[in-house]
Amino acid sequence: MISNFDQEALDYHSKGKPGKLEVNSSKPCATEKDLSLAYSPGVAAPCKEIAKDPDKVYDYTNKGNLVGVISNGTAVLGLGNIGPLASKPVMEGKSILFKQFSGLDSIDIEIKTQDPKEFIIAVKNLEPTFGGINLEDIKSPECFEIEETLKKEMNIPVFHDDQHGTAIVSGAALINACLITKRKMSEIKIVVNGAGASAIACSKIFKSLGVTPENLLMCDSSGVIYKGRTSGMNKHKDEFAVETKARTLLEALDGADVLVGLSVAGAVTGSMIMKMAKDPIIFAMANPDPEITPPDARAARPDAIVATGRSDYPNQVNNVLGFPSIFRGALDTRASQINEEMKLAAVQALASLAREEVPDKVSDTYGGQTFKFGRDYLIPKPFDPRVLMWVAPAVAKAAISSGVARKPITDWDQYRDKLEAFQGPSKAFIRSAIHRVHRNASGTGKLPKIVFPEGSSTKVLKALRILVEEKICEPVLLGYPQVVKEKIQQLELDLLKDVVVIHPSQSPKFKEYANELYELRQRKGITQREAERLMADPNYYASMMLKKGDADGMVTGASQNYSDAVKPILQIVGLHKAGVPAGINFILTEKDFLLLADSTVNFNPNPEQLAQMGIQASRIIEYFGQTPRVAMLSYSNFTGTEGTPHKMKKAAELFKTMAPQIICDGDIQADTAVNPSILKRIFPFSNLAGTDGANILICPNLESANISYKLLQQVGQVEVIGPFLMGVKQAANVLQRTTTVDGIVHSVVITALEAQYLKELREERVKSPN
């Protein structure tokens, strides 16, 4: 009888295209010219270059980003020796994990032999293809001979993950468990139950971390491995034979600080751990079921710290925390091997990361669970995107310092940017914007002062911690100081303890600001008393701070309606000369970005407003180093018929009179506007023909823009950030109420950049008034 979960897994693997992998081209291959470059005759050119200089293979092929996942299926998960064919779903899965967690490409190869020598020959002959080899699910003791031989005879990294992946992650967990229980690594007594590949690799790592050899007892199915034992021994077990009177697992556990299980389900009972030392550390890592479950362990020893290999319990020792980032660091330095120094660097990086504050994005991935360093959070979660950012550089640095790197990294900031880009285009885009903020600030010595009307918002405060840490802005919070400070303390955001908090109605500038509002709006129906009432509203107060030059930018809207948040900005900060308030979104692809407007403000803009939006968007895209190409979108191509096509045609004509130097066309359909091939073949007369297509998309109304960006956000193979507010005199942006901490960070980074840009423009106008 197949369980519901097993049926779900079978359906997952079989529906649609069978399996989990496919090959995609990283280069265009849509035309005859593309084909001639990708294959014959063009492919001969890189072949000849590589023949002259073998290192050129890294310049012209994917070798430097390609890992082979290779197995013979002799020790698959908890399934045993099921053979190479039955192991293929596991190896495909492993290949996916490489791509998902490190951006490395991977191909699974299943070899039909159980002879170590045949296996070694087969893998060795694949060296020209791969940048690294991940050995997987090969039984012990053959796996030792295979890995040791291949490491000696191959000039690329070879890594048996079943051994070293588990060792690295459990090593990180052990460091932190000892830290929590105030133990010294040199003094702890460890019992390792299991003597296979993982157990031996873990024991070696533990010794490298400072565990005294005589304090480590290893047990196999025959009992304790002691000096003088001959039955069931081999050279790998001999290394861990020690002088001891203990002969059974139960005897070995008497007084032990740590139990590491790498054996079989149910091998340990509650009664067996009763005599372990105070605050016992129990890593029960048998898969799929542990030697003892956390509930059973804690029932017997409530003081125990427990880790397993399972995701449904805290402290999952999951190899995915190790191998993707380790190979990333190794391949990025073209390391000839993954040595002990690199493994230990990974251990320390994981242990250190676990002690950092966990971002909301990780909690959201795990259904809103909160994580904090302690007994139930010894190591990072697998879907924590920071793992790559911490582990890969640590491994790369160790490769360089230990002398196995053939391509040393010299610019570590640039390398971290590259790693961040693997996590999506928004990461790369925002990182480049952060660098610009820093460069601009280095010239003035000052970060932009950004005011946040929602000073007690949890999301805003968590975002501010990141922003302060990254040195993006000087924040000013509005709200009741005591409430805000208590919230900061409650959330343990120590970096924000000195942040300025202003209570609007109690501020020394309150009266001045209220008078200014009255002067500004007295002919719009606002009385002096109404001005004072409104100025107590943080959004009005923040807007007045911008107008008076007491702040450089503001970000609001995390907990209120867009229209309520934007109203004070438009009333007080006001618009540029001829400015049109409009919401603009950045549509980020893998290689570039587009701008889309108006997604938030104008329900049915007229041609004059649409043309001005195009002008404003052009300034933005020029600031980011692109040549603007504007499309006035419609449901038709160049018909100009009554209704939307006519309006968009008129908008394009007006734009051309306002900015004749900028390419613009309309009315035009969205697919035509962004597809150079369609433009060239069907509409060669278009102003956009012969270009890479439009990079500014002006929609005919708010409905179409809002629907477009939200649909792209959910189902498109792009990332969308924003919306941001165009047309106003100062850097002021309104968030979507559904925004995340990451979304707030993105908005503040762009706001800070905009504030710096506008300040620079004002200073230039003062110097050159004409």
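Residues numbered from 1 in each chain as written. Predicted model: local features only at pLDDT ≥ 70, side-chain atom pairs only at ≥ 80, totals over all residues. Heavy atoms only, no water.

(A) Looking closely at the packing of helix H19 (residues 458–469) against helix H30 (residues 741–767). Two numbers describe how H19 lies on H30: the axes approach to 9 Å, and their chain directions differ by 55 degrees. The orientation of H19 with respect to H30, classified from their angle, is oblique. Between H19 and H30 the crossing geometry is right-handed. Each of Lys-459, Val-460, Lys-462, Ala-463, Ile-466 and Leu-467 in H19 lies in contact with H30, whose residues at this interface are Val-741, Ile-744, Val-745, Val-748 and Val-749. Residue composition of the contact of H19 with H30, by class: nine nonpolar, no polar and two charged. (Axes fitted to C-alpha atoms, helices over the stretch in contact; angles between N-to-C directions. Helix = DSSP H or I, 4+ residues; strand = E, 2+ residues; numbered from the N terminus. Parallel < 35°, antiparallel > 145°, perpendicular 65-115°, else oblique. Left-handed = near helix turned anticlockwise from the far one by under 90°. Contact = heavy atoms within 4.5 Å. Nonpolar A, V, L, I, M, F, W, Y, C, P; charged D, E, K, R; others polar.)

(B) Here's a closer look at the pattern of salt bridges. Enumeration according to the criterion identifies 37 salt bridges in this entry. Notably, a salt bridge pairs Arg-431 with Glu-420, separated by 2.6 Å at the nearest N-O pair. Of this pair, Arg-431 sits in helix H18 (residues 425–444) while Glu-420 sits in helix H17 (residues 412–421), placing them 11 residues apart in sequence. This pair shows no difference in class: Arg-431 is buried, exactly as Glu-420 is. (Salt bridge = Lys/Arg side-chain N within 4 Å of Asp/Glu carboxyl O. Buried < 20%, exposed > 50% of the residue type's maximum accessible area, 1.4 Å probe, protein only.)

(C) The side chain of Lys-381, seen in detail. Along the polypeptide, Lys-381 turns up in the loop between helix H15 (360–365) and helix H16 (386–401). Although buried, Lys-381 forms no salt bridge, and the nearest oppositely charged side chain, Asp-312, lies 9.5 Å from it. With residues up to four places along the chain from it excluded, the contact list for Lys-381 reads Leu-321, Val-362, Tyr-366, Phe-371 and Val-387. (Lys, Arg positive; Asp, Glu negative; His and termini not counted.)

(D) Representation of the sheet that holds strand E16 (residues 593–597). The sheet built from six strands is open, its strands ordered E18-E17-E19-E16-E15-E20 with mixed pairing. The sheet is open, and its two edges are formed by strand E18 (663–668) and strand E20 (719–726), each paired on a single side. For this sheet, the mean inter-axis angle between neighbouring strands, taken without regard to orientation, is 20 degrees. Relative to strand E19 (residues 696–698), E16 runs parallel, the two sharing three bridges. Within the sheet, the bridge partner assigned to Ala-597 lies in E19 and is Ile-698. (Pairing = 2+ DSSP bridges.)

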